[in-house]
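Residue-level structural notes
As a plain string of letters, each chain reads:
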Amino acid sequence: MAVKLNVNSVEHTLEVPSNTLLSEILRDHLNLTGTHIGCDTSQCGACVVHMDGKSIKSCTVLAAQADGADVTTIEGIANGGELHPMQEAFRNNHALQCGFCTPGMIMSAIDLVQSNDKLSAQEIREGLDGNFCRCTGYHNIVKAVLEAQEQM
């Protein structure tokens, strides 16, 4: 099937099998490998991207569902050489270690902040419930989101 996507402000038309996942399109067809595949079952959140402005787990979205969508990946959130405020806050607060969960965590956190008024630490923890990090214990991730929401 033909799938037309606007990914990080670039139009793409791809010919893919109808059972192709958005995560596969991004990684295998467009070489946007910042979208990580951790579980392939929608449990870990490593594959989170924005589709039409909302965070989604790309390992559960079929090509047909993404047809015509605007998709933003971790590669598309910086403004030239300037990091997105959430990326900057993650860096400032040492909110990553191995980095595997970081792209999905940042994409989820951006949507969380944009979709809510001033969040408390507990609300951030609850809002990021679908993203797993095996390294950090979440403390610095929460600090980063608290900092970023002041800048966004």
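See the structure printed just above.
Residues numbered from 1 in each chain as written. Predicted model: local features only at pLDDT ≥ 70, side-chain atom pairs only at ≥ 80, totals over all residues. Heavy atoms only, no water.

A word on the overall build of the protein
Looking only at helices and strands, the protein features six helices and five strands. Across the protein, helices and strands are ordered from the amino to the carboxyl terminus as β-β-α-β-β-α-β-α-α-α-α. The C-alpha atoms of the protein give 15 Å as radius of gyration, which agrees with the globular expectation for 152 residues (15 Å, within 12%). Considered along the principal axes of its C-alpha atoms, the protein spans approximately 45 × 30 × 25 Å. Here the protein holds 152 residues, and 46% of them are scored as buried. For the protein, the share of sequence-separated contacts (at least 6 apart) that also reach a separation of at least 24 residues comes to 58%. Of the roughly 7,700 Å² that the protein leaves accessible, carbon and sulfur atoms contribute 46%. A gap of 8 Å separates the mean positions of the 9 positive and 18 negative side-chain charges of the protein. (Helix = DSSP H or I, 4+ residues; strand = E, 2+ residues; numbered from the N terminus. Rg over C-alpha atoms; globule rule 2.2 N^0.38 Å. Buried < 20%, exposed > 50% of the residue type's maximum accessible area, 1.4 Å probe, protein only. Contact = heavy atoms within 4.5 Å. Areas by Shrake-Rupley, 256 points an atom, 1.4 Å probe, with all protein chains shown as cover. Lys, Arg positive; Asp, Glu negative; His and termini not counted. Charge placed at Lys NZ, Arg CZ, Asp CG, Glu CD.)

Some points on the environment of Phe90
In this fold, Phe90 is placed in helix α3 (residues 85-92). Judged by relative accessible area, which is 1%, Phe90 ranks as buried. Along the sequence, Phe90 and Thr13 sit 77 residues apart, while their C-alpha atoms lie 33 Å from each other. Those residues within four positions of Phe90 in sequence are excluded, and the remaining contacts are Ala95, Thr102, Met105, Ile106, Ile141, Ala144 and Val145.

Description of the pairing of strand β1 (residues 2-7)
When β1 meets strand β2 (residues 10-15), the two strands line up antiparallel, connected through six bridges. Considered in β2, the bridge of Asn6 is made with Glu11. Hairpin connection of β1 to β2: two residues between the antiparallel strands, including Asn8 at a positive phi of 50°. Sheet analysis places β1 next to strand β5 (residues 70-72), joined by two bridges and oriented parallel. Of the residues in β5, the one forming a bridge with Val7 is Val71. (Pairing = 2+ DSSP bridges.)

What to know about α3
Regarding α3, the residues found buried are Met86, Gln87, Ala89 and Phe90. The buried side chains of α3 occupy one side of the element, clustering within an arc of 160° when seen end-on. Of the surrounding elements, those touching the buried residues of α3 are α4 (102-114) and α6 (139-151). After α3 finishes, the residue His94 shows a positive phi value of roughly 50°. (Arc of directions from axis to C-beta.)

Looking at the nonpolar core
One broad rule of soluble globular proteins: the nonpolar side chains tend to lie buried together. Grouped together as the largest cluster of nonpolar side chains are 24 residues, with contacts concentrated most on Met86, Phe90, Leu128 and Val145. When residues in this core are grouped by element, the largest group, seven residues, is from α4. Not counting residues within four places of it along the chain, the set of residues in contact with Met86 comprises Ile106, Ala109, Ile110, Val113, Ala144, Val145, Ala148 and Met152. Judged by nonpolar contacts, the second largest core, of 18 residues, contains Leu22, Ile25, Leu32 and Ala63. (Core = buried A, V, L, I, M, F, W, Y, C linked by side-chain atoms within 4.5 Å.)

Side note on the state of the cysteines
All told, the structure shown has zero disulfides when counted by the stated rule. Left without a disulfide partner, Cys47 is nearest to the cysteine sulfur of Cys59, which lies 3.7 Å away. Exposure remark for Cys47: the relative accessible area of 4% places this residue in the buried category. Cys135 provides the cysteine sulfur closest to Cys98, a residue in no disulfide bond, and the two sulfurs are 3.8 Å apart. (Disulfide = S-S within 2.5 Å.)

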